[in-house]
Each structure stands twice: as C-alpha cells, then as structure tokens.
Amino acid sequence: QIVGTTSAPIITENVLEISTPTPDLRILPTKWMDYPIIPELTNNAISIYQEGIKSGINPKGFSKIGDCQNIKEAFLGIYDTTRYFLVGEDLILQSTIDNFSGFFNQDGEAIEQGLNVAAALSPLHANPEICGPSESPLDCELRISNPIFAFISFERWWPNETPPDLYEKYLHLVIQKTISHGTIPILVTKADNIEGNHIINQIIANLAYEYDVPLYNWWRAAQLLPHRGMDPERNDGFHISIEAWDSRSYYGLKTLNSLWKGLEINK
C-alpha cells in the first residue's frame, strides 16, 4: 500500500456522498535536504507492520543492510555494551535499547565490506554456511533475523559498475523484498557526495517518498559535524570519521525510538 490521494463515492443510507481527496502533505523528495534527521512513522509503515505481525515478524528485532559503514563497530553496536550513557531527555531511549537488545552489536548476513545494492540481491554474495543455495544476503538476513525494521544504507558509489539508473533499479528491489517480508525499510541518506550532484541521496529520497517509508536523513546530521562528517585523515571522499560513527549511531537510535514508539501508539 502506497499512500497518495483518494476520491471515491461513499453510499450511506441511500444517500450518495462524494468524499474529498485526502491531501498528501508530505515534503516533496526534491526538498530532501530539508527532511528532518529523525523520521516520523508513515501510513504505509503502519500497514507493513500490521501485515508483518500477522506473519509472525519479530517486534524486538531489526537488521542493518549495506556496506562497511553499517558494521557494528561503526553503527549502533555501542548500545549492546556498557560504553554508552544517557542523560536528560535521552533517558527515554533506554526502553528502545532494552526492546532491541542483542540486535545492535551484531553484523547480520547482509553487511559486507564493499557490498553494493546489486550484490545484496545476489546469492553469490551470501554466506554458504548459513544461507540457502538460492538465498541472497538480503533474503538470508530477513529469514534469520525476521526483523520489524531494516536500516537500508548503500553509501558507496561505484561509477563504473552501478550507474544511477541501475542503483535505483536494485534499490527498488531491495525495498520491495523487505516490505514483502513484512519488515519496515528505513532508508538512510549518506554523508558523502562522491558521485556529484547528490544523485544517490536524491534517488533514496525519491524511493522513500514513492513507497511512503521512513527516511533517516543522516546527510543533514552530518552537516553539523567537522568536515561534514567525513574523515579528514583518509580524505577519500567516502569514509566518515569516528565522531561521525557516534553521531550516526545516536540519531539511528533516535530513529528506532521514534518509529517503534509510533507503532506502539498505533497498535
């Protein structure tokens, strides 16, 4: 279900009433730089959740799908350790940490150094010791973790292997498979602009809008950091700094908190 506008007649006690279109008040994806860092729950995310619960989705699990910037050391792993602390208003995040305990500090079957959006769909890149012969890394991870949420983040740009139209094609498929499983995709923008003109972030925003799923606007958060979150020592236009790891994890946790508690309210 993708939310748009509707206008249909409603018959009530022999009286024909014409319903008015439901306005789509979402910010257009062309304005993705203005999207908030932390997304709110979308109408389609609620629908996906409702279908997922029927099929036995794990409401205490989440997955990370993507390349090396999503490994546990760089993204969210700290919240399964004793090395984090919460103060003030952030104390409300503890219940979210408790709910998803055990999923923060693990690398699932769809995280790999250099994994691109096409490879996530290929059985050739799946772990043969854990995954079935016809399972892709994405299929394998969804089956094993059976998560309520999946962060989807393919940041690396492969200009000779994955031009924009193919990136968009394969990201479509990743989103569709995730939704079909009953898992809510959380699309994540990237800090870098190695490809120029923010083409990849625009594609990510377009698809988040098309499927009406949450978009965690990490790019916007990175703008607040030194060097806009990029690692000045490697200076390769791709890798983010250790400080950015912490920031990306923190806002990732707040994203989980916002969406999970939104679902609790909408049960």
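Residues numbered from 1 in each chain as written. Predicted model: local features only at pLDDT ≥ 70, side-chain atom pairs only at ≥ 80, totals over all residues. Heavy atoms only, no water.

Comments concerning the side chain of H198
Mapped onto the elements of the fold, H198 is located in the loop between β5 (184-188) and α5 (199-211). Of the residues examined, H198 reaches a relative accessible area of 17% and is grouped as buried. When near neighbours in sequence (up to four residues on either side) are disregarded, H198 contacts W32, M33, N193 and W219. (Helix = DSSP H or I, 4+ residues; strand = E, 2+ residues; numbered from the N terminus. Buried < 20%, exposed > 50% of the residue type's maximum accessible area, 1.4 Å probe, protein only. Contact = heavy atoms within 4.5 Å.)

As for the sheet that holds strand β4 (residues 147-153)
As summarised here, the arrangement of the 4 strands in space is β3-β4-β5-β6, forming an open sheet in which the pairing is parallel. Each end of this open sheet is capped by a strand with a single partner; those strands are β3 (58-66) and β6 (215-216). Pairing of β4 with β5 involves 4 bridges; the strand directions are parallel. Counted as the bridge partner of F151 is I186 from β5. Across the sheet, helix α3 (residues 137-145) is in contact with β3 and β4; its angle to β3 comes to roughly 160 degrees. Taken strand by strand, α5 contacts β5 and β6, and its axis lies near 155 degrees from that of β5. (Pairing = 2+ DSSP bridges. Axes fitted to C-alpha atoms, helices over the stretch in contact; angles between N-to-C directions.)

Topic: unusual backbone geometry
Look at N146: it is not a glycine, yet its phi comes out positive at around 50 degrees. Its place among the elements puts N146 in the loop between α3 and β4. One non-glycine residue, N197, lies in the positive phi region at around 60 degrees. By the secondary structure assignment, N197 is in the loop between β5 and α5. You can call N197 exposed: its relative accessible area is 72%.

Any functional reading would require information beyond the geometric quantities listed.
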